[in-house]
Amino acid sequence: SILKWAVMSVPATFTNAMLRYLEGTMSLAFRRRLVTLAHRKYMSNEVYYQVIHRDSRLANPDQHMTEDIAHFCDGLARLYSKLSKPIF
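Residues numbered from 1 in each chain as written. Predicted model: local features only at pLDDT ≥ 70, side-chain atom pairs only at ≥ 80, totals over all residues. Heavy atoms only, no water.

(A) Region of the structure containing helix 1 (residues 2-43). With 42 residues, helix 1 extends 60 Å between its outermost C-alpha atoms, agreeing within 8% with the 62 Å of an ideal straight helix rising 1.5 Å per residue. The largest bend along helix 1 reaches roughly 25 degrees and is located at Ser9, with the proline Pro11 sitting one to four residues downstream. Taken together, the buried positions of helix 1 are occupied by Leu19, Glu23, Ser27, Ala38 and Tyr42. Against helix 2 (47-54) and helix 3 (61-84) lie the buried residues of helix 1. (Helix = DSSP H or I, 4+ residues; strand = E, 2+ residues; numbered from the N terminus. Expected span 1.5 Å × (residues − 1). Bend = angle between axes of the 7 residues up to and from the residue. Buried < 20%, exposed > 50% of the residue type's maximum accessible area, 1.4 Å probe, protein only. Contact = heavy atoms within 4.5 Å.)

Right, here's the structure in full:
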């Protein structure tokens, strides 16, 4: 029983480590694309200056936008890895 468990733990450990690595890589790829897109939209037509000067309730909107994108991408990559993880 213990030998069987030990034999199964090596591939399972490798699989989990690889899924974590791929999850981080996917999250980073998603984040790069979304931040680039958001940056283009945010800096076009002087949207940045309009947000800063017209609405004083929002402090550091660019920082909040980047943090929200990072959380979204982490969650999206985690969802993908959870759905693709083998169940046995």
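(B) Local environment of the pattern of salt bridges. Considering all chains together, one arrives at three salt bridges under this definition. In this structure, the salt-bridge partner of Glu23 is Arg78, at a minimum N-O distance of 4.0 Å. Here Glu23, found in helix 1, pairs with Arg78, found in helix 3; they are 55 residues apart in sequence, far enough to count as distant. Assessed through its relative accessible area of 11%, Glu23 is described here as buried. The salt bridge involving Arg31 is made with Asp74; its shortest N-O contact spans 3.2 Å. Of this pair, Arg31 sits in helix 1 while Asp74 sits in helix 3, and the two are 43 residues apart along the sequence. On the basis of relative accessibility, which here comes to 27%, the residue Arg31 falls in the partly exposed class. A relative accessible area of 26% means that Asp74 is categorised as partly exposed. Shared partners join several salt bridges into a network, and the residues in it are Arg20, Glu23 and Arg78. (Salt bridge = Lys/Arg side-chain N within 4 Å of Asp/Glu carboxyl O.)

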